[in-house]
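Structural overview
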Amino acid sequence: MADTIILEVARFSPERQPEITYQTFEVPLRADWMVLDALNYIKDNLDGSLTFRWSCRMGICGSCGMMVNGVPKLTCETLISQFAPGPVRIEPLEHFPIVKDLVIDMDVFLEKLQTVRPWIVRKDERLPQREFLQTPAQLETFHQYSLCINCMLCYAACPVFGLDPQFVGPAALALAERYNLDSRDQGASERTDVLSQHDGIWDCTVVGECSTVCPKGVDPSLAIQQYKLTATKEWFKTWLLPWGNK
Amino acid sequence: METSSHDILLIGAGGAGLRAAIAIAEANPRTDIAMVSKVYPMRSHTVSAEGGAAGVAGEDDTIDEHCYDTISGSDWLADQDVVEAFCNEVPGELLRLEHWGCPWSRQPDGRIAVRPFGGMKKMRTWFAADKTGFHMLHTLFQTSLKYTSITRYDETFATRLLIDDGAVNGVVAIELRTGRIRAIMAKAVIICTGGCGRVFPFTTNANICTGDGMALAYRGGAPLKDMEMVQYHPTGLPFTGILITEAARAEGGWLLNRDNYRFLQDYDLGKPTPTPVFRSMELGPRDRVSQAIFHEFEKGRAFHGPYGDYVHLDLRHLGEHKIEARLPMVRELCLKYENIDPVREPIPVRPVQHYMMGGIHTDIHGATPLKGLYAAGEAACVSINGSNRLGSNSLGELLVFGARAGKSAVEYVANGPNRSNHDHLLALASDEERKLEQQYGKEDGTERISKLREEMQRTMESGCGIYRDRATLVESANKLNELKERSAKLQLDDHGRSFNTQLTAALELGFMLDVAETIVHSALNREESRGAHQRHDFPKRDDTKFLAHSVVSRTGEGPPRVDYLPVVITRWPPGERIYGRDH
């Protein structure tokens, strides 16, 4: 293995450099380094102005998603040695406005998340004195969807979101389904209006890229297909049993 | 300068901050709540907590037993009235999380499952596999989205408290995206900014854990308490410092030295048994287990690796099914970061800085001595942890005392605190703005931030590691002085406004240097060994002089002043800490 590797890093600054350019850095190539370690090496030693988000460096906080050689990745858990001899191209996540260098503007996701009501909805506001019973099997039905870390890799991979930023998108839909399938929740009917409107699930073309790139094994594509089924049922219910659904 | 006003302002939006915000929204829906966080809430470090949250759940368990475990675990430095409040309230808080949707692991009949944990005499640790902190944080964040009374200032970096006539009335903060400086006013402020693990070189803590809130409070005149009490977790991965949860041992994992020997039996922690025994061997408290590993290093009975000595954490006998069901994240982390599968190979581990027992001095209600200022979570010291926190008590702590601080602040605001002098606050904010503007524009610096940070971390490890003594502590104090002087000449490559992470790194370094200094001076003054604070030159616990909290205050330009406050003892007189045998 060579001692060093070249990184081609996208640079963008709204103030100084309003067009994306690529800057080349030579960094040590170490067997146990992640892409994030290389970026920190640049920030600490070569160019302190290079800007990117990171925090936990253990794949759980969801901050450090970037395009690595064109693929959305969490840089804290992507070994750099796999790209030797390089060069490796590092870019901000696709489909989002860029704030600076590798930092994207993800406010659009936070707005979408709010619209799917990602909390337990109960018809009866009074809560029991003890826990809601939930068997391991019931937990299993929604558990994988609850593992979403909001890292935005699925949005960067989603061709529909790329064409239409209004699309609610994989993570928010998976989280909606996470609550719909939770035996403690009674809000599924409240969530259909948001999801079955134009920019909701019907736009998804079942490409499945979202599930492929998810670093946590969440399957948003499946959530969306399940949701289409639920929404169709709800829709039929309102037409066939207009008195029975409310 | 842009200014805005709210009733109550939170700094930090992790577990404690979110719990406080919800408590406020529930207590009084008309309260206008602001939440300032330098990251999006779900990026907060609560996300990394793994093992679980302790709260009495089983019929064979009692609140008193949880109290006793916590107090003996703290080496009798915890305040017992606070511990009692904590143990009483934590089951209700965990239940509330259940009602809000936290995916707690379950028993076959659908009831909450609990697991054993270090230093605990009963099974009482609620868990969501080994991603408990992650699930708690996301549950709290998603639940908080229900409340329209919460205004979030995401990715907004607080630089200074605004204090008028002895009362805290808001903060100055940088909106990272634009670089705009804002004055955010409020009648009360709650600090929930977590710990400061990044003052150490080898830590489980995230990059954001830089003691911001501790430093803001300290600079504003609120004292910090028990700052010398630094927890080393026994099992971190050697290169990264990534945490391998204590749950791995609670589920039956063994610690082995290079002779394949369960060495904890040599350190008065009991005799090895094939399955775990409460308060014994691998289920000993973190301070004692980390100290034992340190001694194995000294005796040359450890393995030697490129990142220092290590021992083995062996899970192989648990089998793939149990590891996958109970410890999926441990497996995931080992595969990704060490390229080993714990189903087939032992995990290399070494003690790693993990948690601050110390923090902003608060009373049982979360109030600091500074009017209008509250604190909760790891940023605060209330204190339930004394000189050694038991694993799985911190997630409960941030819920109980986040909620308490929130309610206290609501009461304070309702009682109509004195009207603040708006002009004075604006003048203070402008002064801070001017200082920040100077930093942005500075072109003549010569010191690299990363270099100073590294030197600080090195001196903290040598002075304030698992074992300490006067000579190395004095050396660290001197080194920190030197670094503070040099930090006036930081070199900045980035002079832009937008998302200037180099400027925030410089500000964080300033926070860390202040906090580091309080750790060193508190450690220097405590001339005894207790819990996580072990002095080679004072190897015994000294209840006559030091059954007391250290309280460290700022003194202008000189070194910090350290005073002492008595520990509150209610029903558990100080005794010997006994693990692995009857008492």
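Numbering of residues begins from 1 in every chain and follows the order in which that chain's sequence is written. In the order they appear in the text, chains get letters beginning with A and ligands get numbers beginning with 1. In keeping with the model being predicted, local features are shown solely for residues with a pLDDT of at least 70 and side-chain atom pairs are shown and tallied solely at 80 or more, while totals for entire chains, interfaces and linings include all residues.

We now examine the overall build of chain A. Regarding its fold elements, chain A presents nine helices and seven strands. C-alpha extents for chain A along the principal axes are approximately 70 × 40 × 30 Å. Counts of 20 or more other C-beta atoms within 10 Å of a residue's own C-beta define buried residues, counts of 12 or fewer define exposed ones, and intermediate counts define partly exposed ones; C-beta atoms are placed from the backbone. Looking at chain A residue by residue over its 246 residues, the buried ones come to 47%. Across chain A, the fraction of contacts at a sequence separation of at least 24, relative to all contacts at a separation of at least 6, is 66%. Helix and strand assignments come from DSSP, with helices taken as H or I runs of at least 4 residues and strands as E runs of at least 2, each series counted from the N terminus. Whether two residues are in contact is decided by their C-beta atoms, placed from the backbone, lying within 7 Å.

The next point concerns the packing of helix H3 (residues 80–99) of chain B against helix H10 (residues 394–414) of chain B. Residue and element names in this part refer to chain B. In this analysis, axes come from line fits to C-alpha atoms, helices being fitted only over the stretch in contact, and the angle between any two N-to-C directions falls in the range 0 to 180 degrees. In the contact formed by H3 and H10, the axes pass within 9 Å of each other and the chain directions differ by 95°. Here H3 is positioned roughly perpendicular relative to H10, judged by the angle of their axes. From H3, Phe86, Glu89, Val90, Glu93 and Leu94 reach across to H10, where they touch Gly396, Glu397, Leu399, Val400 and Ala403. Grouping the constituent residues of the contact of H3 with H10 by class yields six nonpolar, one polar and three charged. Oblique is the label for any angle not covered by the other classes, which are roughly parallel (under 35 degrees), roughly antiparallel (over 145) and roughly perpendicular (65 to 115). In this count, Pro and Cys sit with the nonpolar residues alongside Ala, Val, Leu, Ile, Met, Phe, Trp and Tyr, while Asp, Glu, Lys and Arg are called charged and the others, Gly among them, polar.

Further remarks concern the interface of chain A and chain B. Listed by partner, the interface residues are 43 residues for chain A and 43 residues for chain B. When residues in the side of chain A that touches chain B are grouped by element, the largest group, three residues, is from helix H3 (residues 136–143) of chain A. Of the residues contributing to the side of chain A that touches chain B, the split by class is 17 nonpolar, 15 polar and 11 charged.

What follows is about the sheet that holds strand E10 (residues 224–225) of chain B. All names here are of chain B. A sheet is described by the order of its strands in space; here five strands give the open sequence E18-E16-E10-E21-E22, paired in mixed fashion. Only two strands of the sheet have a single neighbouring strand rather than two, namely strand E18 (380–381) and strand E22 (561–566). By the convention used here, strands pair only if DSSP detects at least 2 bridges between them. Of the pairings in the sheet, the one linking strand E21 (residues 548–553) to E22 comprises six bridges and is antiparallel in character. Residue pairing across strands places Val552 opposite Val562, the latter belonging to E22. Taken strand by strand, helix H5 (residues 212–220) contacts E10 and strand E16 (359–361), and its axis lies near 35° from that of E16. With respect to the sheet, helix H14 (residues 501–525) is in contact with E10, E21 and E22, its orientation differing from that of E21 by roughly 140°.

Looking now at the sheet that holds strand E5 (residues 125–126) of chain B. Note on sheets: strands pair through backbone hydrogen bonds, and any given pair is parallel or antiparallel. All names here are of chain B. Read from one edge of the open sheet, three strands run E3-E5-E4, paired in antiparallel fashion. Of all the strands in the sheet, just strand E3 (53–54) and strand E4 (114–115) have a single pairing partner and so form its edges. As defined by bridge partners, E3 adjoins E5 across two bridges and the pair is classed as antiparallel. Residue pairing for E5: Ala53 is matched across the bridge by Trp126.

All right, on to the domain arrangement of chain B then. All names here are of chain B. Partitioning chain B into structural domains gives domain 1 (2–229 + 357–423) and domain 2 (235–351). Contacts between the two partners involve 23 residues from domain 1, matched on the other side by 22 residues from domain 2. Class assignment for the residues of the side of domain 1 that touches domain 2 results in seven nonpolar, 10 polar and six charged. An automatic or database domain assignment provides the domain bounds reported here.

Before going further, it helps to spend a moment on the environment of Leu395 of chain B. Residue and element names in this part refer to chain B. When you line up the elements, Leu395 lands in helix H10. On the neighbour-count criterion, Leu395 (29 C-beta atoms within 10 Å) is buried. With near-sequence residues (within four places) excluded, Leu395 lies in contact with Gly15, Ala49, Ala53, Thr132, Gly133 and Met136.

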